[in-house]
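# Working through the structure, step by step
Next come the chains, spelled out residue by residue.
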Amino acid sequence: MDNKKKKSISYAKWGYIFIIPFFVVYFIFALYPTLLTVYNSFFENYREGLVQVGPNFVGLQNYIDLLTPGKDGTIGIVRYFGNTMIMWIIGSVPQFVFALLLALVFTSARLKIKGQGVMKSVIYMPNMIMAAAFSMLFFSVFSTVGPANQILAAMGILDKPIDFISIKTSARGLVAFMNFLMWFGNTTIMLIAGIQGIDESLFESARIDGAKSTRVFFDITLPLLRPILIYVFITSMIGGLRMFDVPQVLSKGIGMPDRSTFTVVMLLNNYLGGSKNYGMAGAVSVLLFIVTAILSIFVFKYLNKKE
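Described below are features of the structure shown in this document.

Scoring rules and cut-offs
- Residues numbered from 1 in each chain as written.
- Predicted model: local features only at pLDDT ≥ 70, side-chain atom pairs only at ≥ 80, totals over all residues.
- Heavy atoms only, no water.
- Phe/Tyr/Trp six-rings, centres within 6.5 Å; stacked < 30°, edge-to-face > 60°.
- Helix = DSSP H or I, 4+ residues; strand = E, 2+ residues; numbered from the N terminus.
- Buried < 20%, exposed > 50% of the residue type's maximum accessible area, 1.4 Å probe, protein only.
- Lys, Arg positive; Asp, Glu negative; His and termini not counted.
- Salt bridge = Lys/Arg side-chain N within 4 Å of Asp/Glu carboxyl O.
- Pairing = 2+ DSSP bridges.
- Axes fitted to C-alpha atoms, helices over the stretch in contact; angles between N-to-C directions.
- Parallel < 35°, antiparallel > 145°, perpendicular 65-115°, else oblique.
- Left-handed = near helix turned anticlockwise from the far one by under 90°.
- Contact = heavy atoms within 4.5 Å.
- Nonpolar A, V, L, I, M, F, W, Y, C, P; charged D, E, K, R; others polar.
- Core = buried A, V, L, I, M, F, W, Y, C linked by side-chain atoms within 4.5 Å.

## Considerations on the packing of aromatic side chains
Tallying each qualifying case throughout the model produces 21 aromatic pairs. When the centroid spacing of 6.2 Å and the interplanar angle of 20° are considered together, the rings of phenylalanine 177 and phenylalanine 180 count as stacked. Of this pair, phenylalanine 177 and phenylalanine 180 both sit in helix H7 (residues 168–196), three residues apart, which is roughly one turn of that helix. Owing to a relative accessible area of 39%, phenylalanine 177 belongs among the partly exposed residues under this scheme.

Put into structure tokens, the structure is as follows:
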């Protein structure tokens, strides 16, 4: 009788082997650059003309400089965070409302919309256009000699051209509108997938009981859609805090008018592209990470709380 134990296949071992490439890539291209950014934020390290200053350890001095009020009494980075959040909120609120309405229409068993595949492709197409190209298009359309001014003048609404990009409200509105156009299609697709994941028998039971559409939406659809809504909201907020390309191109990189469209990532780009100030750029990145993490945790806790 053979008493030797048969060797069994260790599936757990192969599972760990298969995920090793992910961790290798993550450590090299994500974790290491993040730690290096935090490290650089404690050093004075910039270029002044042809002279390289540093790296010299300065502790928290870069953070102190960023949070010190300027000559006008305002803290620059706080103001730029405010600009970023304002433009994101103006664009994201209608984005979520419109995307949710479209998702409900596309998934409605009563309406049975035909040609949904084509419609979904059309509303997603703006997301595939480069933001820089999109911004250049809007810059041309809303310039003083652009089609927008010409149409308004032909209708007799304007006596003289309006420089939309030089007006604080309209400049922020254009940035928000472009972000809305580029991202509402992606949000709609995500919400459609979330609604289609809800058991259809729940809707059928509600219809049999005579529940109205609004009651079904607030008592069935919205509560069960909450995980997707939280995910979409947080990812949208993170993307909004990293807003760069649209205001960069539209405002010629200076946040015109009066820095009202200047964002935090534009400030970061100025430090990296101008004086090569890696210390200040690292400090801006760390502050951006901290603010993003705090807001994400707050939103997750608030939206995910039990009723």
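## Quick word on unusual backbone geometry
For the bond running from methionine 256 to proline 257, omega is 0°, close enough to zero to count as cis. Structurally, the position occupied by proline 257 is in the loop between helix H10 (245–250) and helix H11 (264–273). With a phi close to 60°, lysine 252 is a non-glycine residue in the positive phi region. As for its position among the elements, lysine 252 is in the loop between H10 and H11. Residue classification places lysine 252 among the exposed positions, given a relative accessible area of 58%. Of note in the backbone geometry, aspartate 258 takes a positive phi value of approximately 55° without being a glycine. For aspartate 258, the position within the fold is in the loop between H10 and H11.

## Considerations on the side chain of arginine 172
Residue position: arginine 172 is located in helix H7. Despite its burial, arginine 172 pairs with no opposite charge, the nearest such side chain being aspartate 258 at 8.4 Å.

## Focus on the pairing of strand E2 (residues 51–57)
Sheet topology places strand E1 (residues 43–48) next to E2; five bridges connect them, and they run antiparallel. Looking at the pairing, tyrosine 46 lines up with valine 53 of E2. Taking the residues between adjacent antiparallel strands as the criterion, E1 and E2 are bridged by two residues, where glycine 49 takes a positive phi near 70°.

## Let's talk about the packing of H11 against helix H12 (residues 278–303)
Look at H11 against H12: their axes get within 8 Å of each other, and the N-to-C directions meet at 160°. Comparing the axis directions of H11 and H12 gives the class roughly antiparallel. In this structure, the crossing between H11 and H12 has a hand that is left-handed. Contacts between H11 and H12 involve Val264, Val265, Leu267, Leu268, Tyr271 and Leu272 from the first element and Tyr278, Met280, Ala281, Val284, Ser285 and Leu288 from the second. Considered class by class, the residues forming the contact of H11 with H12 number eleven nonpolar, one polar and no charged.

## What about the nonpolar core?
General note: in soluble globular proteins, nonpolar side chains tend to be found buried as a group. Formed by 39 residues in total, the largest nonpolar core has its most connected members in Leu66, Ile77 and Val284. Among the elements of the structure, helix H2 (61–66), helix H3 (76–106), helix H5 (131–141), H7, helix H9 (213–241), H10, H11 and H12 are those that each provide at least two residues to this core. Of the residues forming this core, the biggest block, eight residues, is contributed by H12. Valine 284 has contacts with Leu66, Ile77, Val264, Leu267, Leu268 and Tyr271, leaving out every residue within four places of it along the chain.

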